[in-house]
Structure formats: C-alpha cells, structure tokens
Amino acid sequence: MATVDLAVAGPPDVLRPVGPDARPILEPSAQAAFVAKVRAALPDLRLLDDPTDRETYRRDETEYLETGLPLAVALPRSTAETAALVRVCAADGVPIVPRGAGTGLSGGAAGIEGALTIAFTAMDAIEEIDRENLVAIVEPGIINARFKAAVADVGLFYPPDPASYEICSIGGNLGTNAGGLCCVKYGQTRDSVLGLEVVFADGSVVRMGGKMVKDVAGYALTQLMVGSQGTLGLVTKAWLRLRPAPPPRLTLVAFFATLDAAGVAVAGMTAAGLDPVTLELLDGPSIEAVDDFMSLGLDRTAAAMLLVESDRPATEAAAELDAAAAVCRDAGATDVVRAADAQEADWLRQGRRLALRALERLGTVRMEDVGVPRSRVPELLRAITAIADREGIRCATLGHVGDGNLHPNFIFDRDDPTADEKTERARDAMYRAAIELGGTMTAEHGVGASRRPWLELQRGRDGVRVMRSIKAALDPQGLLNPGRVL
C-alpha cells in the first residue's frame, strides 16, 4: 500500500497566477460612462449600480476568500440581452463574472473589482419537457429542485443531485460540473447534458448539440463548456437528458467503530460490483452534529456511518441492499439498519443533505472537496485525519464515498485568529495527498479562485498550457471570469 507524504510544502507559489486584482480597471469617470453605455444599449435591462445592491454580489459561499465589489450587476432576461452585454464589455475591456445562485464553494462567482457581474437569476424558464425524446430545454437560472420537481410531475427524472439542490441553479451546476448524492450511479452534471447555447467573448451565439443522443460532428464543445466556470463562454440555454422515474428507493445505514472500516466497506462494495444510487459517508463528528440538528436517533458512539440506497426495480433493490449489508458486516460494521418506510428513508437522506448546515451551528466551517479512486478511500480518510490532527483542527468528514469524493470540513471558533493560516497549510497537504493517491483536489466544486495554485500540480505544465491555449483562442482579451480556473 502506498504511503502518502503529508509533509507541509506550502501552496505552490510558482503556480499562483497574477489574479483579477492585478488587472487594469476603468478609472472612476470611465466607469460611470460604461454604466451609462450599458443603459443606453439595453434600456429595459435591470442593472444594479447602487453600492448596497452590488455588495450582495461580492461573495459566493466561499466566505474566506478576498473578493472585489462589482462595478455593476446586470440581470438579463434573454440570450440577446446577454450577447449585447458581452459586446459592450468587449468594446470597453470590462471583465465579466457570470453568476447563478451564488452557492458555489470555490469562489468562481465572487465579485471582481471593476467587473460587470452578469447574474442569470431572471433567466429561469423551463422552455420544454420533451417526453418522447427524454430531453428538457431550460435557461440557466432555473433552480435544480424546481426543475427536478417539474420533470417528476410528468414521470421523469433528472439525476444530478447536489446537496444544495434546493437553492443552487442549473447554470451554476453546469459551470462547476456539479455532482451530488446520485453521482455514483448516474454521473455528474456533464453526463446529463446533450447541448448548450453559449455566448462567446465576442458576443457571438453558438448552439452546440441538441436533442440528439449521438452527435460526433466536430470537437466536443458541449463537454468542454461544462465545468469551465464561465471562463470560455456564458451558457444561456441547456438541453438536459432525462430518464424515466426510477422506483422508490430502499435505504439502509451501517455504523462502524472506525473510519477505516467504513472505507474498507466502500472499497468492498466497488469490488463486489454493486451499483447503489447513493453511497454516502458521515464521520463521528458529522453524525453527532446531524443528530443534534435533526434528532434522527443515530448511533452517536460510531466513528462512521454509511448511507446506502438502491433504486433498482422490485426485488432487485432488496437484493442489492442485502449484498451491501453483507459487505458492511464483513468490513466490521457494528450495526446495519434498514429504513422502515419511505418517510424514514427521506429523513436519513435529508440528514446527509443538511450535514453542512448542522456543522455550521458549531462555528465557522470551511468545506473542502477532494477525490480519489474508490479503492483508495481508506487511505484518503487516514490522510485527512492525520493532517487535521497535526494542525490541531477540528475536522468533520462527509461525502460521496461511492465515487471517491470526500468533503472534509474544518471547524473553527468564529473569532479564531489562526483559522486562515491553519486552513492554508491543511488544504495544501490534503490536496497533495489526494493527488499522490491518483486523485483530484476538486471533485465537484470546481477550481474557481480558491484552488488555482494547485491546478498545475495535478494536471502538469503541459496540461495547463493546453488549457491556456484554449482560453486564449476563445477569450483573447481575457474578460470572461478572469483569474478563475487559470
């Protein structure tokens, strides 16, 4: 078994980009003229330029990052208005920050000083749900939960299922290639995208893909856009793949005396060829926080809990959970319990979804996002524990272990002056550990601004060079979400 080097090397300074704060911005007089130009070009556009209004668009959910105050915030209602905004920005060299619901956890939608934030919350229509072709056409501002409910009303299912699904937007999901609780079986957002309409940096509008399931004409531009966090183009419409609604899920929870035993169970389910729709982890501190928050009657003495669900038809679901229970017992589970009914299963699922909110009652929480091949989950869990112990950080780990994706949460007292320094050291060591295990320093939250320094460490210099070449070709002025990803 490989040994992970946990030595603290510090963030890779040689990889730090110049950043958006180093970009030249318009002088105050020119800023006023730019805002006036936008109003003249788009008189019916909702444009926020009051400082109080702009302040609410300064941050996403990555609160510890330094951010800038947008020059103005535009809320377009159509692709045509979005394209017109991009052309005005291109003419004056004003950077653009695309923004969905602002729930991101990597700083990808945070404000940039002197930039125009384009918020897509007003573009929230479901244009079509095509049952014959199992496709929906939506605008980027639609909230994930509202969309899922709409397709469920006609007997269909949209799989991407972030824990924040009740408040995050489809556009934000597209930008970060968001994952969630169903990824282990159905994949990430990219796996449910058939086509996009994109406004590029020169204001041109390109439709790529559509209702076709198979399309190999030219480069895979649709897949390139998903996960690019608005650095290559602005998505104004999406063709999303739907599925027939699966049967109600069967649910079990397994408790373990050690984190390592839970990790062994996860690796064992993968080796056994099981394909649960949900395979989630809560560690001991997470279990206690969730139980305090929701009073679910969880085993508070356990070091780890796995939530396992199957949406297979009829007796196949019961058989899959029987097999999962056997793997858990072989790995040393202290207890395995089936949900008694759909309501109990929903409570357990909600407990996992609300785990971050439960932890936030304990102090300031900084959620991280790392991933490894599923067989190496036990090693990553050990590395996270060792790093947190060495730094003296209270840490609660949860995540989508079925696809190797863990979310360590660093918890600090709200006035802890050492939080920033400890977080930086711990993040660096953890990202390096994940990469050394053949994994990634971001599995679903995106690179944004918070993980830029480590991208080259994972992808290599040539890999990043190729990315920069694509960025330069599609955005030669560097105006689309500058300082994010690259």
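Once a new chain begins, its residue numbering starts again from 1 and follows that chain's sequence as written. Predicted model: local features are reported for residues with pLDDT of at least 70 only, side-chain atom pairs are reported and counted for 80 or more only, and whole-chain, interface and lining totals are derived from all residues. As a rule here, side-chain values cover all heavy atoms of the structure and leave hydrogens and water aside.

### Comments concerning the sheet that holds strand S8 (residues 193-199)
Next, step 1: Strands pair, by our definition, only if DSSP identifies at least two bridges between them. The helix and strand labels rest on DSSP assignments: H or I over at least four residues marks a helix, E over at least two residues marks a strand, and numbering proceeds from the N terminus. In space, the five strands of this open sheet follow the order S5-S6-S10-S8-S9, with antiparallel pairing throughout. Edge positions in the open sheet fall to strand S5 (126-130) and strand S9 (205-209), since each of these has one partner strand only. The average angle at which neighbouring strand axes cross in this sheet is 10°, direction not considered.
Next, step 2: Sheet topology note: the S8/S9 ladder contains five bridges and is antiparallel. Paired with Val199 across the bridge in S9 is Val205.
Next, step 3: Residues are treated as being in contact if the distance between any of their heavy atoms lies within 4.5 Å. Note on definitions: angles span 0 to 180 degrees between N-to-C directions of axes, and those axes are lines fitted to C-alpha atoms, for helices only across the stretch in contact. Helix H3 (residues 79-92) contacts S8, S9 and strand S10 (234-241) of the sheet and is inclined by roughly 50° relative to S8.
Next, step 4: Helix-sheet contacts for helix H4 (residues 144-152) involve S5, strand S6 (135-138) and S10, and the interaxial angle to S5 is about 35°.

### Details of unusual backbone geometry
Leaving glycine aside, a negative phi is the common case for residues, and trans is the common case for peptide bonds.
Next, step 1: Unlike most non-glycine residues, Asn177 shows phi in positive territory, near 55°.
Next, step 2: With respect to the helices, strands and loops of the structure, Asn177 is situated in the loop between helix H5 (170-176) and helix H6 (183-186).
Next, step 3: Think of it in three bands: with a 1.4 Å probe and only protein chains considered, a residue is buried below 20% of the maximum accessible area for its type, exposed above 50%, and partly exposed in between. Exposure remark for Asn177: the relative accessible area of 9% places this residue in the buried category.
Next, step 4: One non-glycine residue, Ser295, adopts positive backbone phi at about 55°.
Next, step 5: By secondary structure assignment, the location of Ser295 is in the loop between helix H9 (284-294) and strand S14 (304-310).

### Remarks on the packing of helix H8 (residues 259-271) against helix H10 (residues 315-330)
Each packed pair of helices is defined by two parameters, the angle between the axes and the distance between the axes.
Next, step 1: Relative orientation of the contacting elements H8 and H10 amounts to 135°, with a least axis distance of 8 Å. Taken together, H8 and H10 sit at an angle that is classed as oblique. Helix-helix and strand crossings are classified by hand; for H8 and H10 the assignment is right-handed. Where H8 abuts H10, its residues Ala265, Gly268 and Met269 lie against Ala324, Val327 and Cys328.
Next, step 2: Lys, Arg, Asp and Glu make up the charged group, whereas Ala, Val, Leu, Ile, Met, Phe, Trp, Tyr, Cys and Pro make up the nonpolar group; the residues left over, Gly among them, are polar. Considering only residue class, the contact of H8 with H10 consists of five nonpolar, one polar and no charged. Just so you know how the angles are binned, under 35 degrees is roughly parallel, over 145 roughly antiparallel, 65 to 115 roughly perpendicular, and the rest oblique. Each crossing is labelled by how the near helix is turned from the far one, with a counterclockwise turn of less than a right angle marking it left-handed and a clockwise turn marking it right-handed.

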